[in-house]
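Report on the structure
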Amino acid sequence: MAVSPVSRTGVSMPRHSLTGLICAAIASLAIAAPAYAEDEVPYWVSLRADEANMRVGPSEAYPIEWVYQRVGLPLKVVRKMSGWRLVEDPDGARGWIVSRFLSLERSAIVTGNEPSAIRAEPSSGASLLWRAEPGVVVTLGECRSDWCKVTIDEKSGWMAADSLWGDGEP
């Protein structure tokens, strides 16, 4: 004998109606969810807003520690709590940012003390296209064999992954 589940209002619902509701709920979640998972930490994000406050705790009641004003800045999410993310910036500072100010679009920042080579192919022997100064934010494409495809404005090429922070390796 099949038992019909009871709804919150106390009225029993036919099993096929409940199955339909569950399927509809799952389908709506699948549409709303991004194609990549952000359930596991750490993962990489970039700053979406022109200005975002980093706070010492996950609420607007906590003091502001830093104000970021750099769209595209890569950040590493190390913890999640409700609509807040505990992030680490390229300098190692950690704090909480509201998740709506973050994008899952991949970016990286050029590291080091000298300009880094951007090459035509993912190889140190490939022709040099130009060099990027430390601190430049790049849009990050695919990474393979210790090289990452980067784009700055309309130009793109390959950079050694060890010249970047935010390359997707936790």
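Residues numbered from 1 in each chain as written. Predicted model: local features only at pLDDT ≥ 70, side-chain atom pairs only at ≥ 80, totals over all residues. Heavy atoms only, no water.

On to the overall build of the chain, then. What the chain contains, in helices and strands, is 1 helix and 14 strands. Counting only residues that meet the buried cut, the chain has 34% of its 170 residues in that class. Residue pairs at least 24 apart in sequence account for 52% of intrachain contacts in the chain once pairs closer than 6 positions are excluded. Working note: accessible area of the chain is about 10,500 Å², and carbon and sulfur atoms make up 52% of it. (Helix = DSSP H or I, 4+ residues; strand = E, 2+ residues; numbered from the N terminus. Buried < 20%, exposed > 50% of the residue type's maximum accessible area, 1.4 Å probe, protein only. Contact = heavy atoms within 4.5 Å. Areas by Shrake-Rupley, 256 points an atom, 1.4 Å probe, with all protein chains shown as cover.)

On to the state of the cysteines. Counted according to the given criterion, the structure contains 1 disulfide. With a sulfur-sulfur separation of 2.1 Å, C143 is cross-linked through a disulfide to C148. Between C143 and C148, the S-S dihedral sits near 110 degrees, and the bridge is therefore right-handed. A residue is classified by how much of its surface remains accessible, and C148, at 1% relative accessible area, is buried. (Disulfide = S-S within 2.5 Å.)

For the rest of this paragraph, the subject is the packing of aromatic side chains. Tallied over the full model, the rule gives 1 aromatic pair. Their ring planes at 80 degrees and their centres at 4.8 Å tell us that W44 and W165 sit as a pair that is edge-to-face. Placement of W44 in strand β1 (residues 43-47) and of W165 in strand β14 (residues 164-165) is noted, with a sequence separation of 121 residues between them. On the accessibility criterion, W44 (14% relative accessible area) is buried. Using a relative accessible area of 17% as the deciding quantity, one classes W165 as buried. Across from the ring centre of F101, 5.0 Å away, lies the NZ or CZ of R100, which sits over that ring. In this structure, K155 is placed above the aromatic ring of W130, and the distance from its NZ or CZ to the ring centre is 4.6 Å. (Phe/Tyr/Trp six-rings, centres within 6.5 Å; stacked < 30°, edge-to-face > 60°. Lys NZ or Arg CZ within 6 Å of the ring centre and 35° of its normal.)

Attention now moves to the environment of G157. Examined against the element boundaries, G157 turns out to sit in strand β13 (residues 155-160). Residues G157 and A117, 40 residues apart in the sequence, show an inter-C-alpha distance of 9.3 Å. In this view, G157 contacts I118, R119, L129, W130, C148, K149 and V150; residues no more than four positions away in its chain are not counted.

What follows is about the confidence of the model for the chain. Overall, the predicted model of the chain reaches an average pLDDT of 82, with 75% of residues at or above 70. Segment residues 1-37 is flagged for pLDDT under 50; beyond a separation of four residues in sequence, or across chains, it makes 15 contacts in the model. (pLDDT = per-residue confidence, 0-100.)

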